[in-house]
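Residue-level structure breakdown
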Amino acid sequence: DNKVMLRRDSEELAYQGVLPGQELWFSDSAVVQNNLGGMGPRYRDPKVLRYSEVCVMGGRLVDLEISAHSAYTPADPKSNGLHRGYAAINVASGTSVQLVLNF
């Protein structure tokens, strides 16, 4: 079972409709947009990394859209996406990025 546990501030989680401990499933997901921070590899996509149908909210499957809230420097943006059923975001050594998750 490939899953990632989402752990964030409980007030923000409740506002977004995500419950503490909500499981996000990537094993059956697909990457539908892959241009986080405008760094590619699919430069024509919006500047986000979007995974399809990662969880159920309100009785329906929803996507996860990740955007960079600060400067984003990947070592290899082609490594962003899905790897063996897990979400992957590549970040260059010695750098950091603040990410925003929207459902």
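This is a predicted model, so every value here is computed, not measured.

**Things to note about the overall build of the protein chain**
Counting its regular elements, the protein chain contains one helix and eight strands. Helices and strands in the protein chain line up, N terminus first, as β-α-β-β-β-β-β-β-β. Buried positions account for 34% of the 103 residues belonging to the protein chain. Residue pairs in contact within the protein chain that sit at least 24 positions apart in sequence constitute 48% of those at least 6 positions apart.

**Describing the sheet that holds strand S8 (residues 99-102)**
An order of S3-S4-S5-S8 is seen for the four strands of this open sheet, with the pairing classed as antiparallel. On the outer flanks of this sheet lie strand S3 (31-34) and S8, each paired with one strand and no other. For this sheet, the mean angle separating the axes of adjacent strands, direction not counted, is 30 degrees. In terms of strand pairing, strand S5 (residues 60-68) meets S8 through four bridges, oriented antiparallel. Directly across from Ile66, in S8, lies its bridge partner Leu101.

**Observations concerning the pairing of S5**
Across six bridges, the pairing between strand S4 (residues 49-57) and S5 is antiparallel. Pairing of Tyr51 across the sheet is with Leu64, part of S5.

**Details of the side chain of Asp45**
As for its position among the elements, Asp45 is in the loop between S3 and S4. A polar contact is formed between the side chain of Asp45 and the side chain of Arg42, at a distance of 2.9 Å.

**As for the pattern of salt bridges**
Under the criterion given, the structure shown has three salt bridges. Note that Arg42 is salt-bridged to Asp45, the shortest N-O span being 2.9 Å. On the accessibility criterion, Asp45 (19% relative accessible area) is buried.

**Describing the environment of Asp28**
One can find Asp28 in the loop between strand S2 (23-25) and S3. Note on Asp28: relative accessible area 72%, which makes it exposed.

**Remarks on unusual backbone geometry**
Here the bond from Gly40 into Pro41 is cis, since omega is 10 degrees, no more than 30 degrees from zero. By the element assignment, Pro41 lies in the loop between S3 and S4. Here the phi dihedral of Glu53 falls at roughly 45 degrees; this positive angle occurs in a residue that is not glycine. Structurally, Glu53 can be placed in strand S4.

Rules of the game
- Residues numbered from 1 in each chain as written.
- Predicted model: local features only at pLDDT ≥ 70, side-chain atom pairs only at ≥ 80, totals over all residues.
- Heavy atoms only, no water.
- Helix = DSSP H or I, 4+ residues; strand = E, 2+ residues; numbered from the N terminus.
- Buried < 20%, exposed > 50% of the residue type's maximum accessible area, 1.4 Å probe, protein only.
- Contact = heavy atoms within 4.5 Å.
- Pairing = 2+ DSSP bridges.
- Axes fitted to C-alpha atoms, helices over the stretch in contact; angles between N-to-C directions.
- Polar contact = N/O pair within 3.5 Å; in protein donor to acceptor, adjacent residues only side chain to side chain.
- Salt bridge = Lys/Arg side-chain N within 4 Å of Asp/Glu carboxyl O.

All quantities given are derived from atomic positions and should not be read as evidence of function.
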